[in-house]
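Summary of the model geometry
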Number of protein chains: 2
Amino acid sequence: MTKRSYHPTDGRTGNGAASDAIRERRAAIEDLGAALRTLLQVSASTEAGADEIRLAAAELRRVTGPLAASVRTRAQQPSADDLLGGIRMYNPVSGTGSGLAPPVDAEVVDGVVVGTCTLGLAYEGPPTYAHGGVSALLLDHMLGYATTASGHPGMTVELTTRYRAPVPLQTPLRLTGRVTEVLTRKVIAHGTIATAADPDTVLVEATGTFVAIRPEKVRALWGSGP
Amino acid sequence: MTKRSYHPTDGRTGNGAASDAIRERRAAIEDLGAALRTLLQVSASTEAGADEIRLAAAELRRVTGPLAASVRTRAQQPSADDLLGGIRMYNPVSGTGSGLAPPVDAEVVDGVVVGTCTLGLAYEGPPTYAHGGVSALLLDHMLGYATTASGHPGMTVELTTRYRAPVPLQTPLRLTGRVTEVLTRKVIAHGTIATAADPDTVLVEATGTFVAIRPEKVRALWGSGP
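Residues numbered from 1 in each chain as written. Chains lettered and ligands numbered in written order. Predicted model: local features only at pLDDT ≥ 70, side-chain atom pairs only at ≥ 80, totals over all residues. Heavy atoms only, no water.

**Remarks on the sheet that holds strand S3 (residues 155–163) of chain B**
- In spatial order, the strands read S1(A)-S2(A)-S4(A)-S5(A)-S6(A)-S3(A)-S3(B)-S6(B)-S5(B)-S4(B)-S2(B)-S1(B); together these 12 strands make up an open sheet with antiparallel pairing. Because the sheet does not close on itself, it has two edges, and the strands there are strand S1 (105–109) of chain A together with strand S1 (105–109) of chain B. Here the average twist between neighbouring strands, direction ignored, is 20°.
- Two strands pair when backbone bridges link them, and S1 of chain A and strand S2 (residues 112–117) of chain A are joined in this way by 5 bridges, in the antiparallel orientation. Bridge assignment links Val-109 of chain A to a residue of S2 of chain A, and that residue is Val-112 of chain A.
- Helix H3 (residues 132–149) of chain A rests against S1, S2, strand S3 (155–163), strand S4 (173–182), strand S5 (186–195) and strand S6 (204–211) of chain A of the sheet, and its axis sits at about 50° to S6 of chain A.
- Sheet strands in contact with helix H3 (residues 132–149) of chain B are S1, strand S2 (112–118), S3, strand S4 (172–182), strand S5 (186–195) and strand S6 (204–211) of chain B, and its direction is about 50° off that of S6 of chain B. (Pairing = 2+ DSSP bridges. Helix = DSSP H or I, 4+ residues; strand = E, 2+ residues; numbered from the N terminus. Axes fitted to C-alpha atoms, helices over the stretch in contact; angles between N-to-C directions. Contact = heavy atoms within 4.5 Å.)

What follows is the structure, encoded as structure tokens:
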């Protein structure tokens, strides 16, 4: 993976040249990401009493302190990332270091990006089902991944999400993304969400239009480029 | 707020009949939500070393333990919530108890839902900007809120998000949502994302179609109804 893209194709592997120190730090970040995700799902489902919850909040603030002592600014990329190598530890959909991400685990199978994830109770919209916006978030990622994997990375300009049936929580899901059309600078991609148990019944689908970023636009957005 | 809706119109207020115990528990949940959100943003931006990160992960697992001792199942609603009263403490967009939510704070102003939020580094997609799917997530919420506030709550059937310019992180944002058309069972709504500093320059916009849920569908999805 050497293509420049803002859609990571893999949050965990790649970069054979990484030093042992970076590898060790990435493993620690994944460990923290996993602990954060468990905490987040538990916090959205705990029936603990007010005192216990207040105590947990105080302890979290204490744990946060040392981590906050050295933080990057918005203009700095995480030192554990390898942007051009496709490693984004904190991507909010696929990042194994992200507390927000389910995370989605995806790979290219016969030209189609196939992903898996399970959404915990923290993603709840209508009772017992995932928030509709979360489905759009997952599908934007799958489509972006597909465009990058096809060799036509770009940024989303339009995303249409169609909801056929609600997406159940705590249920293994199967996601897909594939490029359906490549125009001069525009790429159209399509993606789906189904349960892993019934992959042929599409619950949500999306069609997206992605556009390659012109060099002058890259300069306008990121100065000399990210 | 007594309308049945799965789009909360306010995650914090309402329910005048709530007991002191519920009020106290909601305040504790908000406290934990705030601590979680800070932790999440810090964890996505920390440059702490591997050992420090591993230690934080271990401490988080320890804090999670007591909270995990008593958790609801997917079929149970949080006891702190008041679904019909519009209180959803853990909504992934607006819930003040949610670690995932920015959270979006919104209210109806002259018939338009106006919301504010600031996205931290955990929401990063392209470097220094918000993930495109996060914008769709925010707008789905704003449109759902607008349909509920207009007296026509429903579930999203289609959402089209158009990206005009990237959404900056760590920058106060202004969101809007308004109903543009009410048909028999269908409601069309439109929403925008801009910065608070330049509210007239739309960065992302969305149009959504929402459909009222028939009673037989409510029974099919939730049995006797949520």
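Structure shown, so let's carry the discussion forward.
**Considerations on the interface of chain B and chain A**
- If you look at the interface, chain B gives 88 residues, while chain A gives 88 residues.
- The contact between chain B and chain A buries some 8300 Å² in all, and 60% of this surface belongs to carbon and sulfur atoms.
- The largest contributions to the chain B side of the interface with chain A come from Glu-47, Arg-72 and Arg-74 of chain B, which together make up 9% of the buried area.
- At the junction of chain B and chain A, the tally comes to 16 salt bridges.
- Arg-25 of chain B serves as the salt-bridge partner of Glu-47 of chain A, at 3.5 Å between the closest nitrogen and oxygen.
- Seen at the junction of chain B and chain A, the total is 40 residue pairs in polar contact (both at pLDDT 80 or more).
- Residue assignment for the side of chain B that touches chain A shows that the elements contributing at least two residues are helix H1 (20–43), helix H2 (50–68), H3, S3 and helix H4 (215–222) of chain B.
- Residue classes in the side of chain B that touches chain A are distributed as 49 nonpolar, 23 polar and 16 charged.
- For S3 of chain A and S3 of chain B, the ladder comprises 5 bridges, and the chain directions are antiparallel. Residue Arg-162 of chain A lies in a different strand from S3 of chain B, and its bridge partner there is Glu-158 of chain B. (Buried area = accessible area lost by both parts, 1.4 Å probe. Salt bridge = Lys/Arg side-chain N within 4 Å of Asp/Glu carboxyl O. Polar contact = N/O pair within 3.5 Å; in protein donor to acceptor, adjacent residues only side chain to side chain. Nonpolar A, V, L, I, M, F, W, Y, C, P; charged D, E, K, R; others polar.)

**Here we look at the UniProt feature "domain: Thioesterase" (unreviewed entry) in chain A**
- If you check UniProt for "domain: Thioesterase" (unreviewed entry), the listed places come out as residues 129–186 of chain A in our numbering.
- When the span residues 129–186 of chain A is considered, its composition is 31% helix and 34% strand, and the gap between its end C-alpha atoms is 34 Å. (UniProt positions renumbered as here; feature names shortened; annotations may be inferred.)

**Observations regarding the pairing of S3 of chain A**
- Here S3 of chain A pairs with S6 of chain A via 8 bridges, running antiparallel. Bridge pairing in S6 of chain A places Arg-162 of chain A opposite Glu-205 of chain A.

**Brief notes about the side chain of Ser-43 of chain A**
- Looking at the secondary structure, you find Ser-43 of chain A in helix H1 (residues 20–43).
- Ser-43 of chain A gets classed as buried once you look at its relative accessible area, which sits at 2%.
- With near-sequence residues (within four places) excluded, Ser-43 of chain A lies in contact with Leu-32, Leu-36 and Tyr-90 of chain B. (Buried < 20%, exposed > 50% of the residue type's maximum accessible area, 1.4 Å probe, protein only.)

**A word on the relation of the copies chain B and chain A**
- Its rotation angle being 180°, the transformation that places chain B on chain A also includes 0.0 Å of axial translation and leaves an RMSD of 0.0 Å. A rotation of that kind, with that shift, is consistent with a two-fold axis. Across chain B, the rotation axis passes nearest the C-alpha of Thr-160 of chain B, at a separation of 2.1 Å.
- The fraction of interface residues of chain B whose copies in chain A are also interface residues reaches 100%, indicating that both copies meet through the same surface. (Least-squares fit on C-alpha atoms with pLDDT ≥ 70 in both.)

**Some points on unusual backbone geometry**
- Note the cis peptide between Pro-102 of chain A and Pro-103 of chain A, where omega equals -15°.
- Counting through the fold element by element, Pro-103 of chain A comes out in the loop between helix H2 (50–68) and S1.
- Notably, Thr-128 of chain B is not glycine yet its phi reads approximately 75°, a positive angle.
- With respect to the secondary-structure elements, Thr-128 of chain B resides in the loop between S2 and H3.
- For Thr-128 of chain B, a relative accessible area of 13% gives the class buried.
- Look at Gln-170 of chain B: it is not a glycine, yet its phi comes out positive at around 55°.
- Mapped onto the elements, Gln-170 of chain B comes out in the loop between S3 and S4.

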